[in-house]
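Structural characterization, general
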Amino acid sequence: MEAGEEHSQIPSDERGNAVRPSDLKVVAERTTAAEAHRPTWSGRLDFVLASVGYAVGLGNVWRFPYLCYSSGGGAFMIPYLVMLVLCGFPLLFMEYTIGQYTRLGPVHAFAKMCPLFKGVGLATVVIAFVFSTYYSVLMAWALYYLFNSFGATLPWTSCNNTWNDVGNCSSGFQGNNTHVQSASQQFFDLRLLEKTNGISEAGGIRWELFGLLMVTWVVVYFCIFKGVQSTGKVVYFTATFPYFILFALLINNVQLPGAKNGILYFVTPVWSKLFEVKVWVNAAAQVFNSIGIGFGSMVTMASYNKFNNNIVRDALIVTVTNSFTSILAGFVIFSAIGYMSHIHNLPVDNIATDGPGLVFVVYPEVLSTMPAFQLWAVLFFFMLLLLGLDSQFATAEVAVTFIKDEFGPQVMRLMKREELLTLVVCIVYFLLGIPHITQGGIYVFQLMDQYAAVVSLMFLAFFEVAAVCWVFGVSRISLMIERMLGKAPNIYFRLCWRFFSPVLVLCILISSIAQHSSTKYENFTYPLWAELVGVGIALVSIVWIPLGAVQEIYNNKGSLLQRLKTASTPTIDLDAEDWLPEKQNLDNPASETLLTSVA
């Protein structure tokens, strides 16, 4: 039995998963009235496309293809699919359930489901906030490349530019095992970034990137300023058009000489890799990070659903689409890399690289050698922009939803309109992104990405899964689903939530800690003070978990054991007459109490 489950207010007939048809009719009637208090998606497709747009991001284009070929090629698909089935799909369904049932953002939802771990909800908001401050910089880079793709020649093809280090530059691609830089690498380092020698040298602001970062946030604002009503319309284009570009690139690339060798390198299985623990851990981490569990975005978006929306179907669509896109992007990228290896007579593994370098250094070099290169360059960087924007919509909406849920009446008295609140949030995001567009900004970007998107996310993910699956309890999750959909989840979901998913997330966390090494960017090793700053970045989000637990235990009465039992008891009254959150007492939100006590 899960902790605190003996205090559940679920009646015995509901424990037997016997929700009567009359109950469902009453639930539907109450839901109609309650939904008037919170906006909903205009249609089911709006929610699905928004979720797909969030899940399918830049990581599908640069991380998955490299990880696949470096972890056994086609053999990597076995651990990837296993982790997708045991971890990705059920946890996405779980987050959808939390959001749709409670109709609250992650902060209030977790505070009601598991007061002991109420800090998990606030931590998801903080990590989404931190993530958005540097992720937006990638869109500014994509815009810079996009605007530079309209000239008669692409500027990263030549060493005869003012920014080039001519003595160390080659107009051809020299591969990874040489000290001579390609013109494409120098365009990225010396023109786009104007990179300094290390994080200690901040340099000045790159004013061109400053303007493009501003443009990025202006676009984001006008896409989300009306909440789900505006986002739901925008995603019809931003979530679907990248697929037209991906298929166009694939059709073009497979016709190029050498493309077959690149694709074979991508998919040829190396079966011995299946016996390496790291490959399985990488597969689990890729599934987890790609779907975006732990950022609070899926909970937030699902909270705007109608109460009886079929989230099992939606979770399956999003999971399959996300994986399909990763595989499709792998074929696009490696067919191009195969072409690159052919024209430069280099092995494929001497060209492929991980991270932003794959799409901002290697692929631009590939594009410059293609027929009709201006067309393909414009399409490719426009695709990157759309992929990034979709993800940014969701993470920005997490902060807006938190403020409306937590301080709604006070904020509305001050700002009068929700559009103004969204504007203020976007301005704050923009200002916090400025350190990343200085000449030393790439080092700040890499540090943030390492500690915010890897270290703290894994801690947060484990506590989220533990809180919901082990403390709140699988039986309660099942009852929530039965209330919404009319039937309980099958044994597959219950086993995954009770055993497989928490254990897999714990393994990823332990592996991440065991494999952690000093942060590096290319040949630069970060100094100790920078590593400590990175630890601080990680703590900014995860510190709310222990703080919330201590504060909850302290406020309860009785012995330590009694306090723990009380703190582990959910406050969602599934048996109350008006059990939806809009009908429940929200006069003293747990997160507000936590913030006040810490201050």
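The paragraphs below set out a description of the structure included in this document. Keep in mind the model is a prediction, meaning the values are calculated, not measured.

Things to note about a nonpolar patch on the surface
Among the surface-exposed residues, Leu-420, Leu-423, Val-424, Ile-427, Val-428, Leu-431 and Leu-432 lie close enough to one another that they form a single nonpolar patch of about 510 Å² accessible area. With respect to the element layout, Leu-432 can be found in helix α18 (residues 418-432).

With respect to the packing of helix α4 (residues 58-70) against helix α13 (residues 277-291)
Look at α4 against α13: their axes get within 11 Å of each other, and the N-to-C directions meet at 165°. On the basis of their axis angle, the class for α4 and α13 is roughly antiparallel. Note on packing geometry: the crossing formed by α4 with α13 is left-handed. Residues Asn-60, Arg-63, Phe-64 and Leu-67 of α4 form the contact with α13, whose own contacting residues are Asn-282, Gln-286 and Ser-290.

Side note on unusual backbone geometry
Phi at Arg-103 takes a positive value of approximately 55°, unusual for a residue other than glycine. The topology assignment puts Arg-103 in the loop between α5 (77-102) and α6 (106-113). The backbone phi angle of Ala-372 is positive, close to 55°, even though this residue is not glycine. Tracing the backbone through its elements, the reader meets Ala-372 in the loop between α16 (356-368) and α17 (373-415). Exposure remark for Ala-372: the relative accessible area of 47% places this residue in the partly exposed category.

What to know about the nonpolar core
Across soluble globular proteins, nonpolar side chains show a tendency to be buried alongside one another. Within the largest apolar cluster, 196 residues are counted, with the highest numbers of intra-cluster contacts made by Trp-141, Phe-360, Phe-381 and Leu-384. Here the element with the most residues in this core is helix α19 (residues 441-485); it accounts for 26 residues. Ignoring any residue separated from it by four or fewer positions in sequence, one finds Trp-141 in contact with Phe-188, Leu-192, Leu-193, Leu-209, Pro-356, Phe-360 and Ile-442.

Here's the deal with empty space enclosed by the protein
Per the counting criterion, the structure on display carries five cavities of 30 Å³ or more. Counted as a void, the largest cavity has a volume near 90 Å³. If you go around the largest cavity, the residues you meet are Trp-41, Ala-50, Gly-227, Val-228, Thr-231, Val-235, Met-301, Asp-390, Phe-393, Ala-394 and Glu-397. Breaking the lining of the largest cavity down by element, the ones donating at least two residues are α10 (228-238) and α17.

Here is what the cut-offs are and how they apply
- Residues numbered from 1 in each chain as written.
- Predicted model: local features only at pLDDT ≥ 70, side-chain atom pairs only at ≥ 80, totals over all residues.
- Heavy atoms only, no water.
- Patch = residues over 30% accessible without salt bridge, like charges linked within 9 Å, V, L, I, M, F, W, Y side chains within 5 Å.
- Areas by Shrake-Rupley, 256 points an atom, 1.4 Å probe, with all protein chains shown as cover.
- Salt bridge = Lys/Arg side-chain N within 4 Å of Asp/Glu carboxyl O.
- Helix = DSSP H or I, 4+ residues; strand = E, 2+ residues; numbered from the N terminus.
- Axes fitted to C-alpha atoms, helices over the stretch in contact; angles between N-to-C directions.
- Parallel < 35°, antiparallel > 145°, perpendicular 65-115°, else oblique.
- Left-handed = near helix turned anticlockwise from the far one by under 90°.
- Contact = heavy atoms within 4.5 Å.
- Buried < 20%, exposed > 50% of the residue type's maximum accessible area, 1.4 Å probe, protein only.
- Core = buried A, V, L, I, M, F, W, Y, C linked by side-chain atoms within 4.5 Å.
- 1 Å grid on protein atoms, 1.4 Å probe; cavity = no way out; pocket = protein on both sides within 12 Å on 5 of 7 lines; lining within 4 Å.
- Points joined across faces, edges and corners; volume = space filled by probe spheres on them.

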